[in-house]
Amino acid sequence: MVQDKKMHDIRQIRQDSSEFDRQMKRRGLSPNSADILSIDFKKRSAVTELQMLQEKRNKISKEVGEARRVGHKSDHLVEEVSRLKNAIIKMEKIDRELSVNLEESLSELPNYLAEDVPQGNSELDNIELRNEGIIRPRLFQPKDHVGLGEKLKEIDFDSAVKISGARFVVLRGQLARLERALANFMLDHQINKYGYLEVSPPALVNSEALFGTGQLPKFSDQQFKTEDGLWLIPTAEVPLTNLVRDCILEEEALPLRFTAYTPCFRSEAGAAGRDTRGMIRVHQFGKVEMVSITHPEQSEEEHERMTSCAESILKALELPFRTVVLCSGDTGFSAVKTYDIEVWLPGQLEGEGQYREISSCSSCGAFQARRMRARYRPKNSKTNEFVHTLNGSGLAVGRALIAVLENHQQKNGSILIPEALQKYMNGQEIINPPE
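Residues numbered from 1 in each chain as written. Predicted model: local features only at pLDDT ≥ 70, side-chain atom pairs only at ≥ 80, totals over all residues. Heavy atoms only, no water.

Novice: Would you mind going over the overall build of the chain in detail, with residue names and values included?
Specialist: The helix and strand tally for the chain stands at 14 helices and 18 strands. In the chain, buried positions account for 51% of the 435 residues. Contacts in the chain between residues far apart in sequence, at least 24 positions, make up 73% of those at least 6 positions apart. Computed over 59 positive and 64 negative side-chain charges, the separation of the two mean positions in the chain equals 4 Å. (Helix = DSSP H or I, 4+ residues; strand = E, 2+ residues; numbered from the N terminus. Buried < 20%, exposed > 50% of the residue type's maximum accessible area, 1.4 Å probe, protein only. Contact = heavy atoms within 4.5 Å. Lys, Arg positive; Asp, Glu negative; His and termini not counted. Charge placed at Lys NZ, Arg CZ, Asp CG, Glu CD.)

Below, the structure written as structure tokens:
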């Protein structure tokens, strides 16, 4: 039977508590199976007691009816039914409280990690898998995107602060068009070359949607919430993955592959003082997202495929990048395993250059599916199974814009437009600064 809205199956923890503790320890958490199993034991004991009380009440209620039918006194039996009714109400309350306690304990614990995820504490322990593209030597000091935007007069932070506050940006003219060109190119590329189905989802979702993909309850401080209880999406992963919430899919329908371009909103809680210059870390940004819903046996292969789909965008835009596998301490809450793709930005660190994340492709196993109750019906089986879910950026449009500006800048501040984007720019090949 499917467990309701739990990222971990309590039955598995009962069966192998040492494995559960090992997995949490890999995540840097203290082993806590004993605490969880204690709550579980109390809950199961309460359920057993509740069933016994209900059976006894039903039995005595029948005796009351029989006594009245033959004209015998039943006052003592009626009193016993009343006593049992009150006991049942108290036990039902205990059961509900223990259920909530168990639910909360499980819902805030991260996913198990794949065995080949390297052990480590931070991004310093991530392992580079491959390095693509050529970092060309320059005969001039490269500017960062802020300096380039100021020269082009088309990146406007002052107006954004006036309108919205810090960590927002206004793009104008050719750069606004270049941003739109990037989004259109990325969508067309994933749809036409890799067969993703384009979706236009809502940018506001309910709490259950965010719970399903793992942003709630643990990361509520990183989200923007409206006064009527809806949330601005941090990524299109949320609405796209929730398309299969509460669904039972046919096995032959898998895999499902969705893509969408949406605005994304993040409060950046805990990021004070980090990347305050420019567009690297802002509250609102555009992103093309990829989501796959797969058969469990397909998920590893799909993870590699999705990552290559994201990498192919950077190759087409002639941008150097590297792909790393995240270590245990840097892997996200919902993920079994994550590949980050980091693009080379030559204008960062005062022209010394730096790799920065532009895509994160994660396999989540059955973690999200369990929370969303998303299942498939295997052939020749009466039992429904959880699907596996995957998500990846294909790509973050704002950071792609930064990468194009910094990598394709010329000494005079002009920007060469990659060939892949030129048809989206009406054949334009270069963006020149005003004279």
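So much for the structure itself; the text now carries on.
Novice: Could you give me a rundown of the sheet that holds strand β6 (residues 224-225), with the residues and numbers involved?
Specialist: Spatially, three strands are ordered β5-β7-β6 in an open sheet, and the strand pairing comes out antiparallel. Among the strands making up the open sheet, the edge pair consists of β5 (204-205) and β6. The sheet contact formed by β5 and strand β7 (residues 231-232) spans two bridges and is antiparallel. Residue L204 lies in a different strand from β7, and its bridge partner there is L232. (Pairing = 2+ DSSP bridges.)

Novice: Just give me the short version of the side chain of K287, but keep the residues and values in it.
Specialist: Examined against the element boundaries, K287 turns out to sit in strand β10 (residues 284-294). A polar contact of 2.4 Å, which involves the side chain of K287, links it to the side chain of E289. In this view, K287 contacts T235, A260, Y261, T262, C264, R266, S393, L395, A396 and V397; residues no more than four positions away in its chain are not counted. (Polar contact = N/O pair within 3.5 Å; in protein donor to acceptor, adjacent residues only side chain to side chain.)

Novice: Tell me about the confidence of the model for the chain, residues and numbers included.
Specialist: Low pLDDT means the predicted atomic positions in that stretch should not be read closely. The share of residues in the chain with pLDDT of 70 or more is 97%, and the mean pLDDT across the chain is 94. Below a pLDDT of 50 lies the segment residues 1-5, which in the model reaches 14 contacts outside its immediate sequence neighbourhood of four places, other chains included. (pLDDT = per-residue confidence, 0-100.)

Novice: Can you tell me about the side chain of R399, naming the residues and giving the values?
Specialist: Along the chain, R399 turns up in helix α13 (residues 397-407). With no salt bridge to any partner, buried R399 finds its closest opposite charge in E357, at an N-O distance of 4.9 Å. Once you skip the residues sitting within four places of it in the chain, R399 turns out to touch I280, R356, E357 and I358. (Salt bridge = Lys/Arg side-chain N within 4 Å of Asp/Glu carboxyl O.)

Novice: Can you break down the packing of helix α3 (residues 33-70) against helix α4 (residues 75-107) residue by residue, with the values?
Specialist: At their nearest, the axes of α3 and α4 sit 8 Å apart, and the two run at 160° to each other. The angle between the axes of α3 and α4 places the two elements in the roughly antiparallel class. At the point where α3 passes α4, the crossing takes the left-handed sense. Here the residues of the contact of α3 with α4 are counted per class, giving 19 nonpolar, five polar and twelve charged. (Axes fitted to C-alpha atoms, helices over the stretch in contact; angles between N-to-C directions. Parallel < 35°, antiparallel > 145°, perpendicular 65-115°, else oblique. Left-handed = near helix turned anticlockwise from the far one by under 90°. Nonpolar A, V, L, I, M, F, W, Y, C, P; charged D, E, K, R; others polar.)

Novice: Explain the packing of aromatic side chains to me, using residue names and the numbers behind them.
Specialist: Counted by the stated rule, this structure contains five aromatic pairs. A centroid spacing of 5.3 Å and a plane angle of 85° characterise the contact between F219 and F333, whose relative ring orientation is edge-to-face. Taken as a pair, F219 in the loop between α8 (207-213) and β6 and F333 in the loop between β11 (321-325) and β12 (337-345) lie far apart in primary sequence, 114 residues in all. The class for F333 is buried, based on a relative accessible area of 10%. (Phe/Tyr/Trp six-rings, centres within 6.5 Å; stacked < 30°, edge-to-face > 60°.)

Novice: Hey, could you go over the packing of helix α7 (residues 173-194) against α13 for me, with residue numbers and the actual values?
Specialist: Following both chains from N to C, one finds α7 and α13 inclined at 115°, their axes separated by 10 Å at the closest point. Crossing handedness for the pair α7 and α13: right-handed. Contacts between α7 and α13 involve L175, L178, E179, L182, A183 and M186 from the former and V397, A400, L401, V404 and L405 from the latter. Considering only residue class, the contact of α7 with α13 consists of ten nonpolar, no polar and one charged.

Novice: I'd like to hear about the pattern of salt bridges, residue by residue, with values.
Specialist: Within the structure shown, the criterion is met by 22 salt bridges. The partner of D95 in a salt bridge is K43, and the shortest N-O contact between them spans 3.1 Å. Of this pair, D95 sits in helix α4 while K43 sits in helix α3, and the two are 52 residues apart along the sequence. With relative accessibility at 15%, the residue D95 sits in the buried group. Here E66 and R69 are joined by a salt bridge, their closest N and O atoms 2.5 Å apart. One end of the pair is E66 and the other is R69, both in helix α3 and three residues apart, which spans about a single turn. By relative accessible area, which is 40% here, E66 ends up partly exposed. Taking the relative accessible area as the measure of exposure, R69 reaches 61% and is therefore exposed.

Novice: Would you mind going over the layout of surface pockets in detail, with residue names and values included?
Specialist: Estimated volume of the second largest pocket: approximately 540 Å³. Forming the boundary of the second largest pocket are 22 residues, of which V336, C364, G365, A366 and H388 lie nearest the centre. When residues of the lining of the second largest pocket are traced back to their parent elements, those giving at least two are α10 (299-316), β12 and α12 (367-372). Top element by residues in the lining of the second largest pocket is α10. It accounts for four residues. Each residue belonging to the lining of the second largest pocket can be placed in one class, and the counts come to eight nonpolar, eight polar and six charged. (1 Å grid on protein atoms, 1.4 Å probe; cavity = no way out; pocket = protein on both sides within 12 Å on 5 of 7 lines; lining within 4 Å. Points joined across faces, edges and corners; volume = space filled by probe spheres on them.)

Novice: Which residues make up α10, and what are the values?
Specialist: One turn of the α-helix equals 3.6 residues, which is why residues spaced by three or four share an orientation. With 18 residues, α10 should cover 26 Å at 1.5 Å per step; its first-to-last C-alpha distance of 26 Å lies within 8% of that length. E318 sits one or two positions beyond α10 and adopts a positive phi of about 60°. (Expected span 1.5 Å × (residues − 1).)

Novice: Which residues make up the pairing of β11, and what are the values?
Specialist: Judged by how many residues are buried, β11 sits mostly within the fold: four of five residues are covered. Sheet topology note: the strand β1 (residues 127-132)/β11 ladder contains five bridges and is antiparallel. By the bridge assignment for β11, I127 is matched with V325. In this sheet, β12 lies alongside β11 in antiparallel orientation, the contact comprising five bridges. Bridging across to β12, V325 finds its partner in Y339.

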